[in-house]
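# Architecture and fold: a report
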Amino acid sequence: MTDETLTVVLIGTLDTKGPETAYLRDRIREAGLQTCVIDAGILGEPIGLEPDISRWEVARAAGKDLEEIRDAGSRGAAVDEMMQGVRAVCARLYAQGRCQGAVSLRGAEGAVLASAGMQALPVGVPKLIVTPLASGRREFGPFVGIRDVIVMHSVVDILGLNVVSRLIFDQAAGVIAGAVRQMQRATRPMAGAASKVVGLTMLGNTTKAVEVIKRRLEARDYEPIIFHANGVGGAAMEEMIREGRLQGVIDYTTDELTDHLVGGFHDAGPRRLEAAGECGLPQVVVPGCVDFFVQGPRNTVPEQWRDRPAYYHNPSFTLIRANREEMLEVAHRMADKLNRAKGPVAVAIPTRGLSIPNHPEGEFWDPECDAALRAALRGSLREQIQCVEVDAHINTQEMADAAARLFFEITS
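Below is a short write-up of the structure. Since the structure is predicted, the reported quantities are computational estimates derived from the model, not experimental observations. (Residues numbered from 1 in each chain as written. Predicted model: local features only at pLDDT ≥ 70, side-chain atom pairs only at ≥ 80, totals over all residues. Heavy atoms only, no water.)

## Structural notes on the sheet that holds strand 11 (residues 310-314)
For the record, the criterion: Two strands qualify as a pair provided DSSP detects at least 2 bridges between them. Counting from the N terminus, the helices are DSSP H or I runs at least four residues long and the strands are E runs at least two residues long. Helix axes are fitted to C-alpha atoms over the stretch in contact, other axes to C-alpha atoms as well, and angles between N-to-C directions run from 0 to 180 degrees.
An order of 10-12-11 is seen for the 3 strands of this open sheet, with the pairing classed as antiparallel. With one partner strand each, in any of the chains shown, strand 10 (292-295) and strand 11 form the two edges of the open sheet. Within this sheet the neighbouring strands show an average axis-to-axis angle of 30°, counted without direction. Note: strand 11 against strand 12 (residues 317-321), 4 bridges, orientation antiparallel. Counterpart to N314 in the pairing with strand 12 is F317.

## Focus: the side chain of T201
Where we set the bar: Between N or O atoms, a polar contact is any pair within 3.5 Å; within protein, one atom must be a potential hydrogen donor and the other a potential acceptor, and residues adjacent in sequence are included only when both atoms are from side chains. Any two residues whose heavy atoms approach within 4.5 Å at even a single point are treated as in contact.
Take T201: it is sitting in strand 6 (residues 197-202). Within the structure, T201 has its side chain in polar contact with the side chain of D251 (distance 2.7 Å). Of note is the side chain of T201, whose polar atom sits 2.8 Å from the backbone nitrogen of T253. Beyond its immediate sequence surroundings of up to four residues, T201 is in contact with T206, V210, F227, A229, M237, I250, D251, Y252, T253 and R272.

## So, the sheet that holds strand 3 (residues 101-105)
Sheet strands pair via backbone hydrogen bonds, and the direction of the pair is either parallel or antiparallel. Strand order in the open sheet made by the 5 strands is 2-1-3-4-5, with parallel pairing throughout. Looking at strand neighbours, the two that pair on one side only are strand 2 (34-39) and strand 5 (149-153), the edges of this open sheet. Recorded for the sheet is a direction-independent mean angle of 20° between the axes of neighbouring strands. Relative to strand 5, strand 4 (residues 127-131) runs parallel, the two being bridged by 5 bridges. From the neighbouring strand, L128 faces strand 5, where its bridge partner is I150. On the sheet, helix 1 (residues 14-30) packs against strand 1 (7-12), strand 2 and strand 3 and is oriented at approximately 170° with respect to strand 2.

## A few points about the environment of W305
Worth spelling out the cut-off: Exposure classes here rest on a 1.4 Å probe applied to the protein chains alone. A residue is buried below 20% of its type maximum, exposed above 50%, and partly exposed in between.
Within the secondary structure layout, W305 lies in the loop between strand 10 and strand 11. Owing to a relative accessible area of 9%, W305 belongs among the buried residues under this scheme. In the structure, W305 is positioned 66 residues away from A371 in sequence and 22 Å away in space, judged by C-alpha atoms. Residues contacting W305, with those up to four places away along its chain left out, are V262, F293, Q295 and I320.

## Overview of the nonpolar core
Which entries qualify depends on this criterion: Put simply, a nonpolar core is a bunch of buried Ala, Val, Leu, Ile, Met, Phe, Trp, Tyr and Cys residues held in one set by side-chain atoms that sit within 4.5 Å of each other.
Core analysis: the largest hydrophobic core is formed by 31 residues, its most contacted members being V9, I38, M82 and L93. Of all elements in the fold, only strand 1, strand 2, helix 2 (55-61), helix 3 (66-70), helix 4 (75-95), helix 5 (108-119) and strand 5 reach the threshold of two or more residues within this core. The greatest single-element share of this core, amounting to 8 residues, is contributed by helix 4. Ignoring sequence-local partners within four residues, the contact set of I38 consists of V9, L10, I11, G12, I53, V58, V89, C90 and L93. In terms of nonpolar packing, the next biggest core, distinct from the first, is built from 27 residues, V212, V286, A392 and A403 among them.

## Notes on the packing of helix 8 (residues 207-219) against helix 14 (residues 397-411)
Note the following rule: Between 65 and 115 degrees an angle is taken as roughly perpendicular, under 35 as roughly parallel, over 145 as roughly antiparallel, and anywhere else as oblique. Handedness of a crossing is defined here by the sense of rotation of the near helix relative to the far one, left-handed for an anticlockwise turn of less than a right angle and right-handed for a clockwise turn. Gly counts as polar in this scheme, as do all residues outside two lists: the nonpolar Ala, Val, Leu, Ile, Met, Phe, Trp, Tyr, Cys and Pro, and the charged Asp, Glu, Lys and Arg.
At a closest axis distance of 8 Å, the pairing of helix 8 and helix 14 adopts a crossing angle of 40°. In terms of their interaxial angle, helix 8 and helix 14 are classed as oblique. Crossing angle aside, the handedness with which helix 8 passes helix 14 is right-handed. Seen from helix 8, the contacting residues are A209, V212, I213, R216 and L217; seen from helix 14, they are Q397, A400, D401, A403, A404, F407 and F408. Here the residues of the contact of helix 8 with helix 14 are counted per class, giving 9 nonpolar, 1 polar and 2 charged.

## Some details on the side chain of D401
Relative to the elements of secondary structure, D401 occurs in helix 14. By relative accessible area, which is 16% here, D401 ends up buried. With residues near it in sequence (within four places) discarded, D401 still touches V212 and R216.

## A word on the pattern of salt bridges
Here is the rule we go by: Whenever a carboxyl oxygen of Asp or Glu lies within 4 Å of a side-chain nitrogen of Lys or Arg, that contact is scored as a salt bridge.
Summed over the entire model, instances satisfying the criterion amount to 25 salt bridges. Here D391 makes a salt bridge to R352, at a shortest N to O gap of 2.8 Å. Here D391 is found in the loop between strand 14 (386-390) and helix 14, whereas its partner R352 is found in the loop between strand 13 (345-350) and helix 13 (367-380), with 39 residues between them in sequence. Each of the salt bridges in this network shares a partner with another, and the network as a whole consists of R242, R271, E274, E278 and K337.

## Considerations on unusual backbone geometry
Residue D221 is not a glycine yet carries a positive backbone phi of 70°. With respect to the helices and strands, D221 occurs in the loop between helix 8 and strand 7 (223-228). Assessed through its relative accessible area of 62%, D221 is described here as exposed. Residues other than glycine seldom take positive phi values, yet C289 does so here, at roughly 65°. Mapped onto the fold, C289 is located in the loop between strand 9 (283-288) and strand 10.

Put into structure tokens, the structure is as follows:
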């Protein structure tokens, strides 16, 4: 595509952010790109410009009349309805080839609305939200989800054009225009066409081992993609599997199962460890880091867990040791998911510790508890699933080599 046919979608609430959205639109046009303005406003009328896609059309895309949404009963309920419309409109524009990037100037609710549309766009399509909430003091994960959304701090609130806001909006126009052009020039856009793309999961607790596996895969012409198993990473991998982007998995770090069980920070949701099995992909699974779940700074750990062994990973995160009951439940859930897999599965379990603090001198060393996990996992897996115990720590070359060998065996 040429620059003249590249289109940036602007998601705005034009009753409150009309002039600002118009300014950003004009700067993007000056950069040589086309624009499509979506009005996701609910109550007032557009100010400062007419949208290409009206709020009435957005409401219809949600299966509603705008008046129905206005009468939803609360602001939150109305925003939730419009989110569905914005998502549907953005997905349609992308399918029609009319969206090569998306940008939005938003406050709190507006950023949530914009993010709904951006979540409908694949990884690789540039996405930018400019908001005062991106100050480093708030959790803006809801805006990002599991997509490659750029969140830019607006410094000032999105209300009016002034010497500061114009400067920020000019930068935003340059960012989205440059990103869209770069993605069009890219010689290897992300797609599902490659035949040897393998997903791996990793945390700092398993980095050394995963680096070894990565080299082993590359030596056989596989292309490894590493996902940080922090709740978002695991969910992203599951989605990419379902999208057909991956052809195999070495799920080396499955701590997100434990976090989902107890409500830890690394919760990837109830469907973690299911996509590869449902899609029939070959998968090697390791119970890496299932011996802990993640909480916040040490002084914020809830009272119910303060008597547990803890590892202060950094000032922001505290790792809490899972107890025997939790480990057994994780083993049963893992086995249940793997037993339903349609493709080849193998399991590798280290016997000398499941995480960095899980070693004879470490805070999480509890060999009886870990042995109970191994026994429960072995006993719950169907006979056709190979389960190998490796006399090594999770983060060693020996364990990594064992996982890689199993993968090559089940894919040969």
